[in-house]
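Read off the chains here:
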Amino acid sequence: MRKLLCLVLILLLPLCALAEGDLPAWDYPIAPEILQDPNDYIRLANRENLLDGSYVPSDLVRVTAKHVSGTFQLRKAVNDALLTMFAAANQDGCTLYVKSAYRSYQTQRTMYYNRLEKNGGKDDGWVSYPGASDHQTGLGADILNYAWTQKDGMNEKFAQTAEAQWMAAHCHEYGFVIRYMDGKQDITGISFEPWHLRYVGPECAEYMMTNNLSLEEFTAEWQAYAAQFEQQSGMTLDAYCKLLSAPKPAVETGETGEDGDTEISMFYDTDH
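Remember, it's a predicted structure, so these values are computed and weren't measured experimentally. (Residues numbered from 1 in each chain as written. Predicted model: local features only at pLDDT ≥ 70, side-chain atom pairs only at ≥ 80, totals over all residues. Heavy atoms only, no water.)

Caption draft 1: Spotlight on the overall build of the protein. Within the protein one finds 10 helices and 8 strands. Scored against the burial criterion, the 272 residues of the protein give a buried share of 44%. (Helix = DSSP H or I, 4+ residues; strand = E, 2+ residues; numbered from the N terminus. Buried < 20%, exposed > 50% of the residue type's maximum accessible area, 1.4 Å probe, protein only.)

See the structure below:
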């Protein structure tokens, strides 16, 4: 048994020695495991980063958060976060409603070209190009108060409502950001939409809202840091994350077992 454990230790030593002693420092405020984004929560969809026409999130669920009449879908993590956020808003005297959620590529395409026809062929920045819509990710939703759910159209005056101001102050606490921010139109390509929330997860939402970053700016920033990190370390982000999650080696405890062999502990601190 001891020989087997020693063999495991020998096999693990090179990897763990690197993990312990030679890993380059990661100084970006968001952990690399989050930026690797296995859940696709920080996926960027815009005119430069189009979603395929066949793209449909795999974990869409029916929206159970308060919503206007009809059936809506969002990714499960988003619906769960909305339920928690809506309850908190309600305690502060703000009742929120989902008015729009996931949209398929085809639905977005129809909306976009209908808007062009209405505006004489001009893209006025209110409806996203097909494949560029945040709604297609299943992570974006239009959130309004009751009065504004009854309007035919929406505009930036919604920002003056108590509900919009509550969301601007608190949405990041639940993993959301205001996707199309005021003053960022030249960057996002979309007019200010104080009602459009996008789920990116709590860590990224906190960082983005604190630093007044649009998703475009945040994506450019962290990708630039990751590229510099990979160049300096000679290690891809994926490889770095695998090293971070690799187990540490078993260590001798200094105690002797019943068979007279020195015991080897397989329980170790996983912080590194």
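Caption draft 2: Highlighting the nonpolar core. With 34 residues, the main nonpolar core has Leu 82, Met 85, Ile 143, Trp 166 and Phe 176 as its most contacted residues. Elements that contribute at least two residues to this core include exactly helix H3 (76-91), strand S4 (140-144), helix H6 (162-170), strand S5 (176-180) and strand S6 (193-199). Sorting elements by how many residues they give to this core places H3 first, with 8 residues. When sequence neighbours within four positions are dropped, the list of residues in contact with Trp 166 reads Met 85, Ala 88, Ala 89, Asp 92, Cys 94, Leu 96, Cys 171 and Tyr 174. Of all hydrophobic cores here, the second largest spans 25 residues; its members include Met 208, Trp 222, Ala 226 and Tyr 240. (Core = buried A, V, L, I, M, F, W, Y, C linked by side-chain atoms within 4.5 Å. Contact = heavy atoms within 4.5 Å.)

Caption draft 3: Region of the structure containing the pairing of S6. The element S6 is largely enclosed, with a buried count of 7 among its 7 residues. The pairing of S5 with S6 spans 4 bridges and is classified as antiparallel. Within S6, the residue paired with Val 177 across the bridge is Arg 198. (Pairing = 2+ DSSP bridges.)

Caption draft 4: Structural context of the pattern of salt bridges. Inspection of every chain in the model, using the stated rule, returns 11 salt bridges. With a closest N to O distance of 2.7 Å, Asp 59 and Arg 75 form a salt bridge. Of the two residues, Asp 59 is situated in the loop between helix H2 (32-35) and strand S1 (60-62) and Arg 75 in strand S2 (residues 73-75); the sequence distance between them amounts to 16 residues. (Salt bridge = Lys/Arg side-chain N within 4 Å of Asp/Glu carboxyl O.)

Caption draft 5: Up close: H6. All buried positions along H6 are accounted for by Glu 163, Ala 164, Trp 166 and Met 167. One face of H6 carries all of its buried residues, which in axial projection span an arc of 160°. (Arc of directions from axis to C-beta.)

Caption draft 6: Inspection of the environment of Phe 176 at higher detail. Checked against the element boundaries, Phe 176 lands in strand S5. Phe 176 sits in the buried class, given a relative accessible area of 1%. The spatial distance from the C-alpha of Phe 176 to the C-alpha of Met 85 is 9.6 Å, given a sequence separation of 91 residues. Those residues in contact with Phe 176, other than ones at most four positions away along the chain, are Val 78, Ala 81, Leu 82, Met 85, Cys 171, Leu 197, Arg 198, Tyr 199, Ala 205 and Met 209.

Caption draft 7: Structural detail: the sheet that holds strand S3 (residues 97-100). The 4 strands are arranged S3-S4-S6-S5 in an open sheet whose pairing can be described as antiparallel. The open sheet has two edge strands with one neighbour each: S3 and S5. Sheet twist, expressed as the average angle between the axes of neighbouring strands with direction ignored, equals 50°. (Axes fitted to C-alpha atoms, helices over the stretch in contact; angles between N-to-C directions.)

Caption draft 8: Region of interest: helix H10 (residues 237-245). Where H10 is concerned, the buried positions are Leu 237, Tyr 240, Cys 241, Leu 243 and Leu 244. Angular distribution of buried residues about the axis of H10 spans 160°; they occupy a single face of the element. The exposed residues of H10 that point more than 90 degrees off its buried face are Lys 242 and Ser 245.

Caption draft 9: Local environment of the confidence of the model for the protein. For the protein, the average pLDDT comes to 87, and 83% of its residues sit at 70 or higher. Across residues 264-272, confidence stays below pLDDT 50; counting only partners more than four residues off in sequence or on other chains, it has 24 contacts. (pLDDT = per-residue confidence, 0-100.)

Caption draft 10: Summary view of the pairing of S4. The buried fraction of S4 amounts to 5 of the 5 residues, a majority that puts the element mostly inside the structure. In the sheet, S4 pairs with S6 via 3 bridges, with the strands oriented antiparallel. Opposite Asp 142, over in S6, you have His 196 as the bridge partner.

Caption draft 11: Spatial organisation of the packing of helix H8 (residues 202-210) against helix H9 (residues 215-233). For the pair H8 and H9, interaxial distance at closest approach is 10 Å and the crossing angle is 105°. Classed by the angle they form, the pair H8 and H9 counts as roughly perpendicular. Judged by residue contacts, Cys 204, Tyr 207 and Met 208 of H8 engage Leu 215, Phe 218 and Glu 221 from H9. Each residue belonging to the contact of H8 with H9 can be placed in one class, and the counts come to 5 nonpolar, no polar and 1 charged. (Parallel < 35°, antiparallel > 145°, perpendicular 65-115°, else oblique. Nonpolar A, V, L, I, M, F, W, Y, C, P; charged D, E, K, R; others polar.)

Caption draft 12: Inspection of the environment of His 196 at higher detail. Along the polypeptide, His 196 turns up in strand S6. Once the C-alpha coordinates of His 196 and Leu 144 are considered, the two residues, 52 residues apart in sequence, prove to be 8.8 Å apart. In this structure His 196 touches Asp 134, His 135, Gly 140, Ala 141, Asp 142, Val 177, Ile 178, Arg 179 and Tyr 180, once residues within four positions along its chain are discounted. Side chain to side chain, His 196 and Asp 142 meet in a polar contact 3.1 Å long. (Polar contact = N/O pair within 3.5 Å; in protein donor to acceptor, adjacent residues only side chain to side chain.)

Caption draft 13: Expanded view of the side chain of Asn 145. Here Asn 145 lies in the loop between S4 and helix H5 (146-149). In this structure the side chain of Asn 145 is engaged in a polar contact, spanning 3.0 Å, whose partner is the side chain of Glu 163. Ignoring any residue separated from it by four or fewer positions in sequence, one finds Asn 145 in contact with Thr 95, Tyr 97, Phe 158, Thr 161 and Glu 163.

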